[in-house]
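# Fold and contact review
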Amino acid sequence: MEIRFLGAASTVTGSQFLLTTDRARILVDCGMFQGGAHEVVRNRVPLGYDPAALDAIVLTHAHLDHSGLIPLIVAEGFKGPIYSTKGTAELAAVILLDSGKLQEEYAKRRRRWAARHPEKAELDEQRRLEAIAEQERIARAAERAGAAAPRRRAGDVMPDGRVVASGFDELALNDEQAVGIRMGFPPYGDPDYPAAMEGHPTRPNLLLEEPLYDQAQAERSLRQFKPVAYLKEVAVAPGITATLHDAGHILGSSIVELHVAASGKTPARTLVFSGDLGRSPAPILRDPEALAQADYVFVESTYGGRTHEPQEEAFKELRRAVLDTVEQKGVLLIPAFAIGRTQEMIWALDDLLDRRLIPHIRLYLDSPMASRASAIYRAHADYYDADALSDLRHGEGPIEYDDAMETRRASESQKIERARRPYVVIASNGMLTGGRVLSHLRRLIGDKKAIIMFVGYQGEGTLGARLLAGARKARIDGQDYQVRCAMRSISGFSAHADEPQLLAWLGNFIKGRRTGDPGVPRRVFIVHGDPEAQEAIRPKIEALGLPTLIPHWHQSVKLD
Ligand SMILES: [Zn+2]
């Protein structure tokens, strides 16, 4: 049995893990790379497997960085089922259709721009192809390293219970053994390229004038979703069953537990994928479920090395921002992910209002996608925690704010500009990499009476991360702006567990036992985090007695 890390390896986005046994091949997640240019370019690097040969996809949750490449895989020949909770299936429909539309729009804009600036476009395209080739080289290097790894690797438990010292160098050093064993891809433009690609059909369109997939393809992929309930074990492929557990991250989010039946010399194994793990206490939703047994754990590490401020502190800061906005008759702009974070912000503002800690201030919800997601949240009280259910029994849903204005059409969105101040706008997307939030940002970034408040994770290389780091100038859609508005950020609203919570969740796997005992993970793979965060949490996971590995993108690891 082998696992291949096709995404979320030393980065946060693009979550995709290919599990191959001698009887089946399944994907856990099939996410899109988002964020900086070097990340996004990976969406156009060949998948390295044939989607038609996949038995199934198991999806942890609907966010684009976990689900975004599903339509592409389906268009390339994947015909099997996609298992997820019902909530995830419904939210994924919203997200994937929107993604198809954005892809089309982006390609159209790009075509128009290229027609006007043919020389610039050619140069740009050339640079991009080089960037893709570079990413392919990285992928191939990792593939070779993965295959060449010796049986006893960093993190392995020796028969005497000793853990082999960690360190990735050991894997890299054995590189040459694998040459010719693993399927590698020569870089684009290499004369061997067409021959090497034969029998490996999946090569996404390289040109930016072509969308990765369109709306119709996104729509088609939705038919393959098979909703399953939490805690119900289902057979997903020959010899593999899956059980979904509450992850407390967004509606329908799950921790995926896979049981792989014994085969040959490999005994039956349990693999647990944390997906994105919610913080505790998770608002509206139930907290992440604690699991205690696994042979291999794949844990997210978005907030490795960091501790969230307490929720009450987050509420205080949100309150302060609203009060300052009211006092200076300004605007509070909250960039937020449409799904999850927006609903949580409505919940938090409404809570402050209920407790009379803020005056009523006009709230604009400027994201049609967030509005659709809110409707799905409202329809799924079966996923609520006890507090949210009690709110509901008292006649008020957990995501209602009096007189909130939800904008549907772009023309309504433009009217916000002329609205009487003070007011709050929540718009997506959360990292300022696109969406309606950018038109608000353009208008407010030079306004001293505006506050931009980040309430979520800002990926490396995004405009959000640069502004948060104190950039005084910003480039938005090719135009430069001076930053004069106030930048604030609140970490306490994260939908991710922080480091102590990640360690507490992992601690359940070894509580009362020792390294090497049955049911204690033989290895914890640290995924879904920037390198800094992963390096920060790694020694602490090892200190729990759990051997670790931080996989490289496209690396394969044998699970014996
Ligand atoms: Zn997520």
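For the structure itself, consult the block above.
Conventions adopted
Residues numbered from 1 in each chain as written. Predicted model: local features only at pLDDT ≥ 70, side-chain atom pairs only at ≥ 80, totals over all residues. Helix = DSSP H or I, 4+ residues; strand = E, 2+ residues; numbered from the N terminus. Buried ≥ 20, exposed ≤ 12 C-beta atoms within 10 Å, placed from the backbone. Contact = placed C-beta atoms within 7 Å. Pairing = 2+ DSSP bridges. Axes fitted to C-alpha atoms, helices over the stretch in contact; angles between N-to-C directions. Left-handed = near helix turned anticlockwise from the far one by under 90°. Core = buried A, V, L, I, M, F, W, Y, C linked by C-beta atoms within 7 Å. Domains from an automatic or database assignment. Parallel < 35°, antiparallel > 145°, perpendicular 65-115°, else oblique. Nonpolar A, V, L, I, M, F, W, Y, C, P; charged D, E, K, R; others polar.

## Structural notes on the overall build of the protein chain
- A tally of regular secondary structure across the protein chain gives 17 helices and 22 strands.
- Out of the 560 residues belonging to the protein chain, those deemed buried represent 47%.
- Looking at the protein chain alone, contacts between residues at least 24 apart form 76% of all its contacts between residues at least 6 apart.

## Observations regarding the sheet that holds strand β3 (residues 25-28)
- Across the sheet, which stays open at both edges, the 7 strands sit in the order β6-β5-β4-β3-β2-β1-β22 with mixed pairing between neighbours. If you trace the sheet from one side to the other, it starts and ends with β6 (225-227) and β22 (556-558), each paired once. On average, each strand axis in the sheet is inclined to that of its neighbour by 25°, with strand direction left out of account.
- Along the sheet face, helix α4 (residues 86-116) touches β5 (82-84) and β6 and points at about 145° away from the line of β6.

## Observations regarding the pairing of strand β9 (residues 254-260)
- Taken across its 7 residues, β9 has 6 buried, putting it largely inside the fold.
- Examined bridge by bridge, strand β8 (residues 240-246) and β9 share 7 bridges and lie antiparallel to one another. Looking across to β9, one finds that T243 is bridged to E257.
- Bridge count for β9 against strand β10 (residues 269-273) is 5 bridges, and the pairing is antiparallel. Each bridged residue has a counterpart across the sheet, and for V256 the counterpart in β10 is F273.

## Some points on the sheet that holds strand β14 (residues 405-406)
- Judged by pairing direction, the sheet is parallel, and its 6 strands sit side by side in the order β14-β13-β15-β12-β16-β19 without closing on themselves. Looking along the sheet, the strands with just one partner apiece sit at the ends: β14 and β19 (486-489).
- Here 5 bridges tie strand β12 (residues 331-335) to strand β15 (residues 423-427), and the two strands are oriented parallel to one another. Counted as the bridge partner of P335 is A427 from β15.

## A short note on the packing of helix α16 (residues 499-507) against helix α17 (residues 531-543)
- The N-to-C vectors of α16 and α17 enclose an angle of 30°; their axes lie 11 Å apart at closest approach. Between α16 and α17 lies a crossing whose hand is right-handed. Only I537, K540 and I541 of α17 make contact with α16, whose side of the interface consists of E499, L502, L503 and L506.

## Observations concerning the nonpolar core
- Within the largest apolar cluster, 142 residues are counted, with the highest numbers of intra-cluster contacts made by F17, I26, I57, V58 and I334.
- By residue number, the principal contributor to this core is α4, which donates 6 residues.
- Looking at which domains feed residues into this core, each of domain 1 (2-305 + 496-558) and domain 2 (311-489) supplies at least three.
- Apart from residues lying up to four places away in sequence, I57 is in contact with I26, L27, C30, I70 and I82.

## Some points on unusual backbone geometry
- Cis geometry is adopted by the peptide bond preceding P281, which originates at S280 and carries an omega value of -5°.
- Residue position: P281 is located in the loop between β10 and β11 (296-300).
- Although it is not a glycine, A8 adopts a positive phi angle of roughly 50°.
- Within the secondary structure, A8 is located in the loop between β1 (2-5) and β2 (17-20).
- For A8, a count of 27 C-beta atoms within 10 Å gives the class buried.
- Although it is not a glycine, D29 sits at a positive phi angle of roughly 70°.

## Side note on the environment of Q215
- Looking at the secondary structure, you find Q215 in helix α8 (residues 215-222).
- Spatially, the C-alpha atoms of Q215 and S99 are 7.6 Å apart, while their sequence positions differ by 116 residues.
- Apart from the residues lying within four places of it in its own chain, the contact partners of Q215 are L97, G100, K101 and E104.

## A closer look at the pairing of β15
- Extensive coverage of β15 is indicated by the burial of 4 of its 5 residues.
- Here strand β13 (residues 362-366) pairs with β15 via 5 bridges, running parallel. Counted as the bridge partner of Y364 is V425 from β15.

## Quick look at the packing of α4 against α8
- With their axes 7 Å apart at the nearest point, α4 and α8 run at an angle of 160° to one another. By the angle between their directions, the pair α4 and α8 is classed as roughly antiparallel. The chirality of how α4 crosses α8 is right-handed. For the pair formed by α4 and α8, the contact residues are A93, L96, L97, S99, G100, K101 and E104 on the first element and Q215, Q217, A218, E219, S221 and L222 on the second.
- Its residues assigned to classes, the contact of α4 with α8 comprises 5 nonpolar, 5 polar and 3 charged.

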